[in-house]
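Chain by chain, the residues:
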Amino acid sequence: MRKVDRRVKNIPIKTIIPNMITSGSVFCGVSSLILTAHERFIPAALLICFAVFFDVMDGRVARSLGGSSAFGEELDSLADAISFGVAPAFLIYNAYIGVESGIWGPLTASFFALCGVLRLARFNVTHVPAGPFQGLPIPAGGLALASVVIARIPITPLVAMSAMCFVGALMVSSVPYCNAKKLKKTNVSRAKLYGLMTFIALCFFILREKAFLAVAVMYIISGLVKFDGAEWIMLHPEDERSAHEKD
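Residues numbered from 1 in each chain as written. Predicted model: local features only at pLDDT ≥ 70, side-chain atom pairs only at ≥ 80, totals over all residues. Heavy atoms only, no water.

### What about the overall build of the chain?
Then step 1. Secondary structure summary: the chain contains 11 helices and 2 strands in total.
Then step 2. Traced from its N-terminal end to its C-terminal end, the chain shows the element sequence α-α-α-α-α-β-α-α-β-α-α-α-α.
Then step 3. For the chain, the residues scored as buried account for 41% of the 247 residues in total.
Then step 4. Taking as baseline every contact in the chain between residues at least 6 positions apart, the subset at least 24 positions apart corresponds to 83%.
Then step 5. When the accessible surface of the chain is totalled, it reaches about 14300 Å², and 69% of it is carbon and sulfur. (Helix = DSSP H or I, 4+ residues; strand = E, 2+ residues; numbered from the N terminus. Buried < 20%, exposed > 50% of the residue type's maximum accessible area, 1.4 Å probe, protein only. Contact = heavy atoms within 4.5 Å. Areas by Shrake-Rupley, 256 points an atom, 1.4 Å probe, with all protein chains shown as cover.)

Next up, the structure:
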């Protein structure tokens, strides 16, 4: 018992902080499920978007503090399964499908959640940190479904079920998607990065509540057409040489 206590006391703060951020994603996912059960669909969808923020920040904080751990990776996967697998499926089912769909509604919602879990399991054992993602990342899949609710798009139950099956299939596919984790301050083209940020800001200014859906659709299409946004933003050897020459 004393050995266990010593281990708990010796956990470094640099490991605890990223795990606390990951816990924020769990909080958002469970809260989204509760709000969906009470038919508060817009707040439930927004909480899934907030979960994306926590999912991005926990990894960045862990890398910056040097606090990455096997425990943190497992916790992150479990949080993603709740926030981007179960919560979006439950949200779309309640907002657009309902009991009138019979057995097909629960089946498609379960299919999406299952694909998300399979995607996470495959990522944990096969992903190369510097390479592109294999299949649509589950946060992007969950955000895509939540963005439909935020945009208040009036879709039929059949379209909603088809969307869940399509996004779920993309998650377990081999379609390559850009991995922004390889981007660093030293290897990005500032002109392209600022241009992309300006474009996204304009999307939110012009499209407002439909901006999340537009960004999600563009990301999904980028993988289907094999456009790697991270590679596009990164400085290539000839760009680095010209930058050094200017300096």
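### So, the nonpolar core
Then step 1. Ranked by size, the top nonpolar core spans 49 residues in total, and within it L91, I92, I97, L136, M164 and Y177 carry the most contacts.
Then step 2. When contributions to this core are tallied by element, the ones reaching two or more residues are helix 2 (13-37), helix 3 (41-65), helix 4 (70-97), helix 5 (104-126), helix 6 (138-150), helix 7 (157-171) and helix 9 (211-224).
Then step 3. Composition of this core by domain shows at least three residues from each of domain 1 (7-177) and domain 2 (178-246). (Core = buried A, V, L, I, M, F, W, Y, C linked by side-chain atoms within 4.5 Å. Domains from an automatic or database assignment.)

### With respect to helix 7
Then step 1. Here helix 7 contains 15 residues, and its C-alpha end-to-end distance of 21 Å stays within 8% of the 21 Å for a straight helix at 1.5 Å per residue.
Then step 2. Those residues of helix 7 lying buried are A160, M161, M164, V167, G168, L170 and M171.
Then step 3. Its buried side turned inward, helix 7 meets helix 4, helix 5, strand 1 (133-134), helix 6, strand 2 (176-177) and helix 9. (Expected span 1.5 Å × (residues − 1).)

### Things to note about the state of the cysteines
Then step 1. The full count for this structure, using the stated rule, is 0 disulfides.
Then step 2. Between C28, a cysteine without a disulfide, and C49, which holds the nearest cysteine sulfur, the sulfur-to-sulfur distance is 9.9 Å.
Then step 3. Here C49 falls in the buried class, since its relative accessible area comes to 13%. (Disulfide = S-S within 2.5 Å.)

### What to know about a nonpolar patch on the surface
Then step 1. A cluster of nonpolar side chains, namely F166, L196, F199, I200, F204, V217, M218, I221, L224, V225, F227 and W232, defines an oily patch on the protein surface of about 1000 Å² accessible area.
Then step 2. Elements that contribute at least two residues to the nonpolar patch include exactly helix 8 (190-207) and helix 9.
Then step 3. Locating I200 in the fold gives a position in helix 8.
Then step 4. The exposure class assigned to I200 is partly exposed, which follows from its relative accessible area of 33%. (Patch = residues over 30% accessible without salt bridge, like charges linked within 9 Å, V, L, I, M, F, W, Y side chains within 5 Å. Salt bridge = Lys/Arg side-chain N within 4 Å of Asp/Glu carboxyl O.)

### Things to note about the environment of V188
Then step 1. Position of V188 among the secondary structure elements: in the loop between strand 2 and helix 8.
Then step 2. According to the relative accessible area criterion, V188 is buried, its value standing at 12%.
Then step 3. Here V188 is in contact with L183, L193, I233, M234 and L235, once residues within four sequence places are set aside.

### Here's the deal with the confidence of the model for the chain
Segments scoring low in pLDDT should not have their predicted coordinates read at a detailed level.
Then step 1. Per-residue confidence for the chain averages 86 on the pLDDT scale, and 89% of its residues sit at or above 70.
Then step 2. Element-level pLDDT for the chain is lowest in helix 1 (residues 2-9), with a mean of 49, against a maximum mean of 96 in helix 7.
Then step 3. Note on residues 4-8: pLDDT is under 50 here. Beyond four places in sequence and across chains, it has 0 contacts. (pLDDT = per-residue confidence, 0-100.)

### With respect to the packing of helix 4 against helix 7
Then step 1. One way to put it is that helix 4 packs onto helix 7 with a least axis distance of 9 Å and a crossing angle of 165°. The angle between helix 4 and helix 7 falls in the class roughly antiparallel. As helix 4 runs across helix 7, the sense of the crossing is right-handed. From helix 4, A89, I92, Y96 and I97 reach across to helix 7, where they touch P157, A160, M161 and M164.
Then step 2. Along the lines of polarity and charge, the residues of the contact of helix 4 with helix 7 split into 8 nonpolar, no polar and no charged. (Axes fitted to C-alpha atoms, helices over the stretch in contact; angles between N-to-C directions. Parallel < 35°, antiparallel > 145°, perpendicular 65-115°, else oblique. Left-handed = near helix turned anticlockwise from the far one by under 90°. Nonpolar A, V, L, I, M, F, W, Y, C, P; charged D, E, K, R; others polar.)

### What to know about the environment of V117
Then step 1. When you line up the elements, V117 lands in helix 5.
Then step 2. Owing to a relative accessible area of 43%, V117 belongs among the partly exposed residues under this scheme.
Then step 3. Considering only alpha carbons, one finds V117 and F84, 33 residues apart in sequence, at a separation of 9.6 Å.

### Observations concerning unusual backbone geometry
Then step 1. Although it is not a glycine, E39 adopts a positive phi angle of roughly 65°.
Then step 2. Structurally, E39 can be placed in the loop between helix 2 and helix 3.
Then step 3. Its relative accessible area of 61% is what places E39 among the exposed residues.
Then step 4. Here the phi dihedral of R208 falls at roughly 55°; this positive angle occurs in a residue that is not glycine.
Then step 5. Relative to the helices and strands, R208 resides in the loop between helix 8 and helix 9.

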